[in-house]
Amino acid sequence: MISRRRIILTGATGLVGKAVARQLAAQGYEIVPFRSRHDGAGGMNHLTGHIDRDALEGAFAVIHLAGEPIAQRWTAAAKERIMASRRDGTRLLAEALAGLRTKPEVFVSMSGVGRYGIRRNETLTEASAVSTEGFLGEVSAAWEQATEPARAAGIRTTWLRTGVVLAASSGALRLMLPAFRCGLGGPIGHGRQQMSWIRLGDLVRLIAWCLEQPSLPAALNAVAPEPCSQADFARALGKTLHRPAFLPAPAWAVRLLFGQMGDETVLGDLCVTPAAALAAGFRFETPDLPAALARALGE
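Residue numbering note: each chain is counted from 1, following its sequence as written. Local features in a predicted model are, by the rule used here, given only for residues with pLDDT of at least 70; side-chain atom pairs are given and counted only at 80 or more, and totals for whole chains, interfaces and linings are based on all residues. Computation of side-chain values: all heavy atoms of the structure, hydrogens and water removed.

Asks: I tried to follow a nonpolar patch on the surface on my own but got confused; where do I start?
Replies: On the surface, Leu184, Phe246 and Leu247 cluster together into a nonpolar patch covering about 320 Å² of accessible area. Summarising the element assignment, phenylalanine 246 is placed in the loop between helix 8 (230-241) and helix 9 (251-258). Burial here depends on accessible area, computed with a 1.4 Å probe over protein chains only, as a share of the maximum for the residue type. Under 20% is buried, over 50% is exposed, and the range in between is partly exposed. Residue classification places phenylalanine 246 among the exposed residues on the basis of a relative accessible area of 58%. In this analysis, a patch consists of residues with relative accessible area above 30% that form no salt bridge, clustered at 9 Å for like charges and at 5 Å for the nonpolar side chains Val, Leu, Ile, Met, Phe, Trp and Tyr. Accessible surface is estimated by sampling points in the Shrake-Rupley manner with a 1.4 Å probe; for residues, cover comes only from the protein chains shown. By definition here, a salt bridge exists when the distance from a side-chain nitrogen of Lys or Arg to a carboxyl oxygen of Asp or Glu is within 4 Å. Every helix listed is a DSSP run of H or I at least four residues long, and every strand listed is a run of E at least two residues long, numbered separately from the N terminus.

Asks: Just checking my understanding: could you explain the nonpolar core for this structure?
Replies: As a rule of thumb, soluble globular proteins bury nonpolar side chains together. By nonpolar core is meant a set of buried Ala, Val, Leu, Ile, Met, Phe, Trp, Tyr and Cys residues that side-chain atoms within 4.5 Å join together. Membership of the largest hydrophobic core comes to 45 residues, with the highest contact counts inside it found for Val20, Ile63, Leu160, Ile207 and Leu211. If you tally residues by element for this core, the top one is helix 7 (residues 200-211), at nine residues. By the convention used here, residues are in contact when the closest approach between their heavy atoms is within 4.5 Å. Aside from chain neighbours lying at most four places away, what touches isoleucine 207 is Val16, Val20, Ile63, Leu65, Met110 and Leu160. Phe180, Leu237, Ala292 and Ala296 belong to the second-largest nonpolar core, a separate cluster that totals 19 residues.

Asks: What am I meant to see in the packing of helix 1 (residues 15-26) against helix 7 here?
Replies: To characterise two packed helices, one gives the angle between the axes of the helices and the distance between these axes. Here the axes come from fitting lines to C-alpha atoms, over the contacting stretch only for helices, and the angles between their N-to-C directions go from 0 to 180 degrees. Their axes nearest at 9 Å, the elements helix 1 and helix 7 cross at an angle of 55°. With respect to helix 7, the axis of helix 1 lies oblique. For the crossing formed where helix 1 meets helix 7, the hand is right-handed. Within the contact between the two elements, helix 1 uses Leu15, Val16, Ala19, Val20, Gln23 and Leu24 and helix 7 uses Leu200, Leu203, Val204, Ile207, Ala208 and Leu211. Considered class by class, the residues forming the contact of helix 1 with helix 7 number eleven nonpolar, one polar and no charged. When an angle is under 35 degrees it counts as roughly parallel; over 145 it counts as roughly antiparallel; between 65 and 115 it counts as roughly perpendicular; any other value is oblique. Note: crossing handedness is left-handed where the near helix turns anticlockwise from the far helix by less than a right angle, and right-handed where it turns clockwise. Here the nonpolar group is Ala, Val, Leu, Ile, Met, Phe, Trp, Tyr, Cys and Pro; Asp, Glu, Lys and Arg are the charged ones; every other residue, Gly included, is treated as polar.

Asks: It is not clear to me how the side chain of arginine 199 should be interpreted in this structure. Could you clarify?
Replies: By the secondary structure assignment, arginine 199 is in strand 11 (residues 197-199). Here arginine 199 is in contact with Leu166, Glu285, Thr286, Ala292, Arg295, Ala296 and Glu299, once residues within four sequence places are set aside.

Asks: How should I be thinking about the environment of proline 244 in this particular structure?
Replies: Turning to its location among the elements, proline 244 is positioned in the loop between helix 8 and helix 9. Through-space distance from the C-alpha of proline 244 to that of arginine 6 is 48 Å; in sequence the pair is 238 residues apart. Leaving out residues up to four positions away in the same chain, proline 244 has contacts with Gly183 and Gly185.

Asks: In this structure, what is going on with helix 7? I would like to understand it.
Replies: For an α-helix, the turn length of 3.6 residues means that residues three or four places apart are oriented alike. With twelve residues, helix 7 ought to run about 16 Å at 1.5 Å a step, and its terminal C-alpha atoms sit 17 Å apart, in line with that. The element helix 7 is largely enclosed, with a buried count of eleven among its twelve residues. Taken together, the buried positions of helix 7 are occupied by Leu200, Gly201, Asp202, Leu203, Val204, Leu206, Ile207, Ala208, Trp209, Cys210 and Leu211. Take the number of residues in a helix, subtract one, and multiply by 1.5 Å to get its expected span.

Asks: What am I meant to see in the pairing of strand 5 (residues 59-64) here?
Replies: On a regular strand, each side chain points to the face opposite its neighbour's, so the side chains alternate between the two faces of the sheet. When you tally the buried positions in strand 5, you get six out of six residues, the bulk of the element. Any two strands between which DSSP finds at least two bridges are classified as paired. Inspection of the sheet shows strand 1 (residues 3-10) paired to strand 5 by five bridges, in the parallel sense. Residue pairing in the sheet places isoleucine 8 in a bridge with valine 62 of strand 5. Sheet topology note: the strand 5/strand 6 (residues 106-112) ladder contains four bridges and is parallel. By the bridge assignment for strand 6, isoleucine 63 is matched with valine 108.

Right, here's the structure in full:
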């Protein structure tokens, strides 16, 4: 028998996972953390194939956030860890869910806007063509495909194609803050490349909202309605901090420091909008960048 308040959560100790757990607990859900790379009870390990199926029984929903961090230099070994954690870990979980006696009604799995490629000179929605261009394109394609056993078993499955998550405590924004607070910030590369972003609080609200929506498409772009250029982002962050923001970080320096990871992320150019979520009635608390930055820095 399903408990409609019981939520299985992987990646519960990460930035998004901690915030999701707090939000859903405040809404009256019972949050059950499900550990990754764990061979014991209440966890799974895609490296060994272990998964505790009994712990998954009877949940209303499974939210899958676990995965090797993207923000690291992509050596061959790092690429394999990133790919395996998403492809193999997600498939292990999806196959287990499909085989349960009492299956969950909802499976929410993270993905990324890299599903659309690296550079697209157009505004992208969920109806746009997808791509396997670049490493992130390959990863997100494999990530989404790995959920197929759950979808085929009749579990309502949603992929959240997430952009840059804005939070002062972690992630890209935290790394930018020291330079910007010293007045040494500025655009990255030529600054014209588009950046698709979402404030952490709105991402958490979107995940919670997905649980109770019976008719969503498989893919949702988890980004704010107003993407911006790197130059506009730098200006907005400088203005929020009351600091100048005109010193650019040249593209060659980004590639030297971060290699392919820098080229596909901060030098990538994707203008992605959340058409499906907006059409289904989701409303962002901070749809514009100045409000999102002010809120993120105040949290």
